[in-house]
Amino acid sequence: MFKNLSIKTIVAIGIGSAVYFVLGRFVTIPTGVPNTNVDTAIAFLAFIAVLFGPIAGGLVGLIGHALKDALMFGSVWWSWVLVSLLVGFLIGLAAHRIKLEDGQFGKKELISFNLIQVVVQIIGWGVAAPVLDILIYAEPANKVFTQGLVAALLNIISVGVFTSILLFSYSKTQSLGNSLTKED
C-alpha cells in the first residue's frame, strides 16, 4: 500500500504533519467548551486530503494530531487522533472527483466538497470521537457528545470557509484542461 506513494506525497505527509502541528498549536480560537477550539489545522488537513488523497490525508491527521497532543499536553488523546486520521482519509477518498489539477473549482465542486466534508465531520467528530472517548477513556456520554457535536460544527465552519478558499485559490494556479491549442 505505502510502496505506491510518490516522493511528492511522502514529502506532503511530512510537511503537512508539521504544518498541522503548528496550526493546531498556535492558530486556534477557544470556544468555552473544554478542549474544543475552532481549529484551522482541520481545514489544512482537508486541503491536503483533497490534493494528495486518502493515505496522505489520513497520515497527516494521525501524525500531526498525535504530535500536537504529545507536545502540548504530554500525552496523546488517541480517540480524537484516530478521528483526525478518519476525517483526513474519508475526505481524501470522497474528494477524488474534484479535479483541481485541471483548474476546476466552481460552484459544483464547492457544493460537492462541502457536502462531503459536512457528512465526514458529523460521522467523525459527532459520532466516532464521543463513542471512542467512552470506550477508551470511560468519559461521561453527555460531556463527550457535547464536545463532539461542538467540534463537528466548528470544523464544518472552519473547513467550509478556509479550505474552500484554499481550494479555490489553488485551482486558479492550475491551467484549465485543453486551454492550449496548436496554432497552424
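Residues numbered from 1 in each chain as written. Predicted model: local features only at pLDDT ≥ 70, side-chain atom pairs only at ≥ 80, totals over all residues. Heavy atoms only, no water.

Quick notes on the packing of aromatic side chains
Going by this rule: The pairing test for Phe, Tyr and Trp rings, Trp by its six-membered ring, is centres within 6.5 Å, and the orientation test on the planes gives stacked under 30 degrees, edge-to-face over 60, and tilted for anything in between. The secondary structure listing takes helices from DSSP runs of H or I that are at least 4 residues long and strands from runs of E that are at least 2 residues long, numbered from the N terminus. Relative accessibility thresholds used throughout: buried, under 20% of the residue-type maximum; exposed, over 50%; partly exposed, between the two (1.4 Å probe, protein chains only).
Taken as a whole, this structure holds three aromatic pairs when the rule is applied. Ring geometry for tryptophan 77 against tyrosine 137: centres 3.8 Å apart, planes inclined by 15°, an arrangement best described as stacked. Highlighted residues: tryptophan 77 in the loop between α3 (54–73) and α4 (78–94) and tyrosine 137 in helix α5 (residues 107–137), separated in sequence by 60 residues. Here tyrosine 137 falls in the partly exposed class, since its relative accessible area comes to 25%.

Remarks on the pattern of salt bridges
The condition that has to hold: Salt bridges are identified by distance alone: a Lys or Arg side-chain nitrogen within 4 Å of an Asp or Glu carboxyl oxygen.
Taken as a whole and judged by the stated rule, the model has one salt bridge. The salt bridge involving lysine 143 is made with glutamate 139; its shortest N-O contact spans 2.5 Å. The class of lysine 143 is partly exposed, set by a relative accessible area of 36%.

Focus: the packing of helix α2 (residues 40–52) against α4
Angle between the axes and distance between the axes: these two values describe a pair of packed helices. What counts here: Under this scheme, a helix contributes an axis fitted over its contacting stretch, all axes are lines through C-alpha atoms, and angles between N-to-C directions fall in the 0 to 180 degree range. Here is the rule for angles: anything less than 35 degrees is roughly parallel, anything more than 145 is roughly antiparallel, 65 through 115 is roughly perpendicular, and the remaining ranges are oblique. It is the rotation of the near helix from the far one that decides the hand of a crossing: anticlockwise by less than a right angle makes it left-handed, clockwise makes it right-handed. Note on contacts: a residue pair is in contact if any heavy atoms of the two residues lie within 4.5 Å. Under the convention adopted here, Pro, Cys and the residues Ala, Val, Leu, Ile, Met, Phe, Trp and Tyr are nonpolar, Asp, Glu, Lys and Arg are charged, and Gly plus all remaining residues are polar.
Axis separation between α2 and α4 bottoms out at 8 Å; the angle between their running directions is 40°. The orientation of α2 relative to α4 falls into the category oblique. α4 is crossed by α2, and the crossing has right-handed handedness. Between α2, through Ile42, Leu45, Ala46, Ala49 and Val50, and α4, the contact on the second element is made entirely by Ser84, Gly88, Ile91 and Gly92. For the contact of α2 with α4, the per-class residue count stands at six nonpolar, three polar and no charged.

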